[in-house]
Amino acid sequence: MSTTQEKIQEIEEELRRTKVNKATESHVGRLKAKLAKLKRQQQEQILAKSGKGGSGYDIKKSGDSSVALIGLPSVGKSTLMGRLTNKESKTGKYAFTTLEAIPGIMEYEGTQVQIIDLPGIISGASKGKGRGKQVLGVARSADLILVVLDVFEAETHMRLILEELYHFGIRLDQEKPDIEIEKTRSGGIAIASIKQLTKIDEKTIKAIMHEYKIINANVTIRTDIDADQLIDVLEGNRVYIPSVVVANKVDLATPEMIEELKQKMRIDLFISAETNYNMLELKKVLFEKLNLIRIYLKPYGQQPDYEEPLIMKAGCTVKDVCNKLHRNLVKEFKFARVWGKSAKHEGQRVMLNHVLQDEDVLTIIKSRN
Ligand SMILES: Nc1nc2c(ncn2[C@@H]2O[C@H](COP(=O)(O)OP(=O)(O)O)[C@@H](O)[C@H]2O)c(=O)[nH]1
Ligand SMILES: [Mg+2]
């Protein structure tokens, strides 16, 4: 019997050897599915061994949204955290200074954003090295990941971070594939794709699904997916999180260096936590990327509350608002009235599934019983 690790290596070797073309596509798809299953097994074994999370990582969510700081040790995460929030996090000149996850609050335009300072991640973090499991665990539940790079090592750091996040099931800046799988009793696999599929064919889809023991199903695909994305959906447990990438310590870099880096990779902002350079701009970029909207609640027969808007995620519905306000509100809901961008006319009568937009005014009417 070979070990999980040996099986993984065998398949990775075969994948490297195999040229991808029409003739091999479905075989490659099946190999990738096998690989994903083995890696999940391996991950489960490692995480079972590495034990419980320990203190400091059960972050209580506060604020309207949360941002996790991810970067290698000593790139300036804690210094940056102190700049963005009203809370100072301990810093030091040696690695692993941050011993736990420290939350703070960043205020911006009436919105409270929770910023979470984390220990630096190192190579192998997704396999549990250097408290990697806890750090990545916090990152998984964040609304946004702020990737902090050292401007002098931006490329290598980015590669390492992307790899560790990927192995931990975090899909950065990827749209969640829209796929519905409805298992049936017979008839094989019937595929309906709304968009034209340019990266995967029917035979490969079926081969991968067979690998997950799905023989009969109606599959509806609304994203131009590739094999890896289909495997992600079948594996489940993946999270799709947007990111902002910053290069820190630019006070030490030359303009030429910065220009060269800009050409090579995506950096959303060059900053210096030490000198405060671009801090306001960073707050703005984070806020925009979080994609939040303001809803003004108007109690029945009264004026809207423009002072303290309810902060919601873009794309939210009246139901989401009800759930945020009170856990029984959905049950007591009769209808709502909306004024603003999402309303067809002022005071439009809407139900729970109505999608709201920034600066809408909303009145919720409860049924009396
Ligand atoms: N020159 C310079 N040094 C910085 C900057 N940001 C942080 N540092 C320094 O880098 C070291 C590590 O910072 P720290 O915030 O503890 O990094 P962390 O391990 O990522 O949390 C400290 O000595 C900081 O003073 C910066 O923008 N410019
Ligand atoms: Mg730190």
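1. Quick look at the pattern of salt bridges
A complete count under the given rule lists 23 salt bridges for this structure. The shortest N-O distance in the salt bridge between aspartate 201 and lysine 22 comes to 3.6 Å. Taken together, the residues aspartate 201 in the loop between β7 (189-193) and α6 (202-211) and lysine 22 in the loop between α1 (4-17) and α2 (25-50) connect sequence positions 179 residues apart. Here lysine 206 makes a salt bridge to glutamate 202, at a shortest N to O gap of 3.9 Å. Of this pair, lysine 206 and glutamate 202 both sit in helix α6, four residues apart, roughly one helical turn. You can call lysine 206 partly exposed: its relative accessible area is 28%. Linked by salt bridges that have partners in common, Lys22, Glu25 and Asp201 make up one network.

2. What to know about the nonpolar core
Leu80, Leu84, Ile145, Leu146, Leu149, Leu282 and Leu286 are the most contacted members of the largest nonpolar core, which totals 62 residues. Apart from the residues within four sequence positions on either side, leucine 146 is in contact with Val67, Ala68, Leu69, Ile70, Leu80, Leu84, Val244, Val246, Leu282 and Leu286. Grouped together as the second largest cluster of nonpolar side chains are 20 residues, Ala33, Ile189, Ile214 and Ile225 included.

3. Considering the domain arrangement of the protein
Partitioning the protein into domains gives domain 1 (4-51 + 175-235), domain 2 (65-173 + 242-290) and domain 3 (293-366). The gap between the C-alpha centroids of domain 2 and domain 3 is 34 Å.

4. Examining the side chain of serine 272
Positionally, serine 272 belongs in the loop between β11 (269-270) and α9 (279-290). Not counting residues within four places of it along the chain, the set of residues in contact with serine 272 comprises Asn248, Lys249, Val250, Asp251, Tyr277 and Met279.

5. Here we look at the sheet that holds strand β13 (residues 310-313)
Spatially, the five strands line up as an open sheet ordered β13-β12-β16-β14-β15, and their pairing is mixed. Looking at strand neighbours, the two that pair on one side only are β13 and β15 (348-350), the edges of this open sheet. Mean inter-strand twist for the sheet, computed between neighbouring axes without regard to direction, equals 40°. Examined bridge by bridge, strand β14 (residues 333-339) and β15 share three bridges and lie antiparallel to one another. The residue of β15 that forms the bridge with alanine 336 is valine 350. Across the sheet, helix α10 (residues 318-325) is in contact with β12 (292-297), β13, β14, β15 and β16 (360-366); its angle to β13 comes to roughly 130°.

6. Concerning helix α5 (residues 154-167)
Over its 14 residues, α5 extends 20 Å from the first C-alpha to the last, a length consistent with the 20 Å expected when each residue adds 1.5 Å. Residues Ala154, His157, Met158, Ile161, Glu164 and Leu165 constitute the buried set of α5. Take α5 and look down its axis: the buried residues cluster within an arc of 140°, on one side only. Contact partners of the buried residues in α5: β1 (65-70), α4 (132-140), β4 (144-150), β5 (170-172), β10 (243-248) and α8 (255-264). Following α5 by one or two positions, glycine 169 has its phi on the positive side, about 85°.

Quick notes on the rules
Residues numbered from 1 in each chain as written. Chains lettered and ligands numbered in written order. Predicted model: local features only at pLDDT ≥ 70, side-chain atom pairs only at ≥ 80, totals over all residues. Heavy atoms only, no water. Salt bridge = Lys/Arg side-chain N within 4 Å of Asp/Glu carboxyl O. Helix = DSSP H or I, 4+ residues; strand = E, 2+ residues; numbered from the N terminus. Buried < 20%, exposed > 50% of the residue type's maximum accessible area, 1.4 Å probe, protein only. Core = buried A, V, L, I, M, F, W, Y, C linked by side-chain atoms within 4.5 Å. Contact = heavy atoms within 4.5 Å. Domains from an automatic or database assignment. Pairing = 2+ DSSP bridges. Axes fitted to C-alpha atoms, helices over the stretch in contact; angles between N-to-C directions. Expected span 1.5 Å × (residues − 1). Arc of directions from axis to C-beta.

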